[in-house]
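Summary of the model geometry
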Amino acid sequence: MARADPLLMVLKLAEDAEEQASLQLRSAQLELQRRQNQLDALQNYRLDYMKQMEQQQGQSISASHYHQFHQFVRQIDTAIIQQVNTVQDADNQRQHRQVYWQEKQQKRKAVELLLANKAEKAQLAELRAEQKMVDEFASQQFYRKRQR
């Protein structure tokens, strides 16, 4: 029975590592999308709030209500800035995981290439051995016919 090639185990480990990296990348992409959706919601909320205030522009507004409006808009702006930072953090994490996944993918492809080269060399050696046997057989037959 032929021994299993140790490179097959290395390939299996490389495939598993690539799969894990792929799952981590997908998770990071989903987290980035979730955070971007939250940012979009905050920006839309601010826009809607500003439109409501714009509709009340012709009406008399108390100074305290006007002050509360501006204070609330500042709070929304602060939340938007914080959310922009979390989106950037999530994008950085996604980029890091993308690079990591690509590294794992390259390692897997390298092992596959090694296995393919090894198989090609084995096949070539087998073909040479086969050709040698055929040549040996042909030469033996030639000598036998000559001796008759």
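Residues numbered from 1 in each chain as written. Predicted model: local features only at pLDDT ≥ 70, side-chain atom pairs only at ≥ 80, totals over all residues. Heavy atoms only, no water.

Condition: UniProt positions are given in the numbering used here, feature names are shortened, and annotations may be inferred rather than shown by experiment.
Looking at an unreviewed UniProt entry, one finds the protein chain named Flagellar FliJ protein and attributed to Shewanella pealeana. A UniProt comment under Subcellular location (unreviewed entry) is attached to the protein chain, and it reads "Cell membrane".

1. As for the UniProt feature "coiled-coil region" (unreviewed entry) in the protein chain
The criterion, for reference: Only runs of H or I of at least four residues qualify as helices and only runs of E of at least two qualify as strands under DSSP, and these elements are numbered from the N terminus.
UniProt feature "coiled-coil region" (unreviewed entry): in the numbering of this structure it lies at residues 11-45. When the span residues 11-45 is considered, its composition is 100% helix and 0% strand, and the gap between its end C-alpha atoms is 51 Å.

2. Remarks on the pattern of salt bridges
As a reminder, the rule being used: The salt bridge criterion pairs a side-chain nitrogen of Lys or Arg with a carboxyl oxygen of Asp or Glu, the two atoms within 4 Å. Exposure categories follow from relative accessible area, calculated using a 1.4 Å probe and restricted to protein chains: below 20% of the type maximum is buried, above 50% is exposed, and the middle band is partly exposed.
In total, this model carries 8 salt bridges according to the counting rule given. Among the ionic pairs, Asp 5 bridges to Lys 118, the shortest N-O distance being 3.1 Å. One end of the pair, Asp 5, is in the segment before α1 (6-55); the other, Lys 118, is in helix α2 (residues 63-147), with 113 residues separating them in the sequence. In this structure Asp 5 comes out as buried when scored by relative accessible area, which is 18%. Of the charged contacts in the structure, one is a salt bridge between Glu 18 and Arg 108, with a shortest N-O distance of 2.2 Å. Note that Glu 18 is positioned in helix α1 and Arg 108 in helix α2, a separation of 90 residues in sequence. For Glu 18, a relative accessible area of 11% corresponds to the buried category. One network of salt bridges, in which partners are shared, links Glu 18, Arg 108 and Glu 112.

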